[in-house]
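The primary structure of each chain is shown beneath.
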Amino acid sequence: IELENGNTFTVKANNCSVVNKYIQSAKLNGKQFTKTWFTHDELMSGATLELEMGSKPNKTWGAAPEDAPPSELEL
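Everything numeric in this text was worked out from a predicted model, so none of it was measured.

1. Re the pattern of salt bridges
So, point 1. Counted by the stated rule, this structure contains one salt bridge.
So, point 2. Here Lys35 and Glu42 are joined by a salt bridge, their closest N and O atoms 3.9 Å apart.

2. Concerning the nonpolar core
Side chains of a nonpolar character, in soluble globular proteins, are inclined to be buried together.
So, point 1. By size, the foremost hydrophobic cluster in this structure holds eleven residues: Leu3, Phe9, Ala26, Leu28, Phe33, Leu43, Ala47, Leu49, Leu51, Met53 and Trp61.
So, point 2. Those elements that place two or more of their residues in this core are β2 (22-28) and β4 (47-54).
So, point 3. Per-element accounting of this core gives the leading share, four residues, to β4.

3. Let's talk about the packing of aromatic side chains
So, point 1. In this structure the tally under the stated criterion is one aromatic pair.
So, point 2. Here Phe9 and Phe38 contribute two aromatic rings whose centre-to-centre distance is 5.1 Å and whose plane-to-plane angle is 35°, an arrangement assigned as tilted. Of this pair, Phe9 sits in strand β1 (residues 9-14) while Phe38 sits in the loop between β3 (31-32) and α1 (40-44), and the two are 29 residues apart along the sequence.
So, point 3. According to the relative accessible area criterion, Phe38 is partly exposed, its value standing at 33%.
So, point 4. Seen from the ring of Trp37, Lys35 lies directly overhead, with NZ or CZ sitting 4.3 Å from the centre.

4. Here we look at the environment of Asn7
So, point 1. Note on placement: Asn7 falls in the segment before β1.
So, point 2. Residues in contact with Asn7, not counting those within four places in the same chain, are Ile1, Glu2, Met44, Ser45 and Gly46.
So, point 3. Of note is the side chain of Asn7, whose polar atom sits 3.3 Å from the backbone oxygen of Ser45.

5. Observations concerning unusual backbone geometry
So, point 1. Although it is not a glycine, Asn15 sits at a positive phi angle of roughly 70°.
So, point 2. Of note, Asn15 is situated in the loop between β1 and β2.
So, point 3. Accessibility expressed as a relative area gives 52% for Asn15, which makes it exposed.
So, point 4. With phi around 55°, Asn29 is a residue other than glycine that occupies positive phi space.

6. Focus on the confidence of the model for the chain
So, point 1. This prediction gives the chain a mean pLDDT of 93; 96% of its residues lie at or above 70.
So, point 2. Element-level mean pLDDT values for the chain span from 90 in α1 up to 97 in β2.

Quick notes on the rules
- Residues numbered from 1 in each chain as written.
- Predicted model: local features only at pLDDT ≥ 70, side-chain atom pairs only at ≥ 80, totals over all residues.
- Heavy atoms only, no water.
- Salt bridge = Lys/Arg side-chain N within 4 Å of Asp/Glu carboxyl O.
- Core = buried A, V, L, I, M, F, W, Y, C linked by side-chain atoms within 4.5 Å.
- Buried < 20%, exposed > 50% of the residue type's maximum accessible area, 1.4 Å probe, protein only.
- Helix = DSSP H or I, 4+ residues; strand = E, 2+ residues; numbered from the N terminus.
- Phe/Tyr/Trp six-rings, centres within 6.5 Å; stacked < 30°, edge-to-face > 60°.
- Lys NZ or Arg CZ within 6 Å of the ring centre and 35° of its normal.
- Contact = heavy atoms within 4.5 Å.
- Polar contact = N/O pair within 3.5 Å; in protein donor to acceptor, adjacent residues only side chain to side chain.
- pLDDT = per-residue confidence, 0-100.

Now the structure itself:
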């Protein structure tokens, strides 16, 4: 995605297919990423989100309490 600020946000889904439609793990800018969400600032800074896909859900990925999205916006 080419952003208006000149940065690029790239999403790669390795092994993605009709069968392999579940996220097994993720990396954001080459670092392990366990959250199921990212911030607007992370998006606008430009980044590469790399997803490893598989045929069955990985029920442990993104399941930790600290991986859940915030329940309210901080203003």
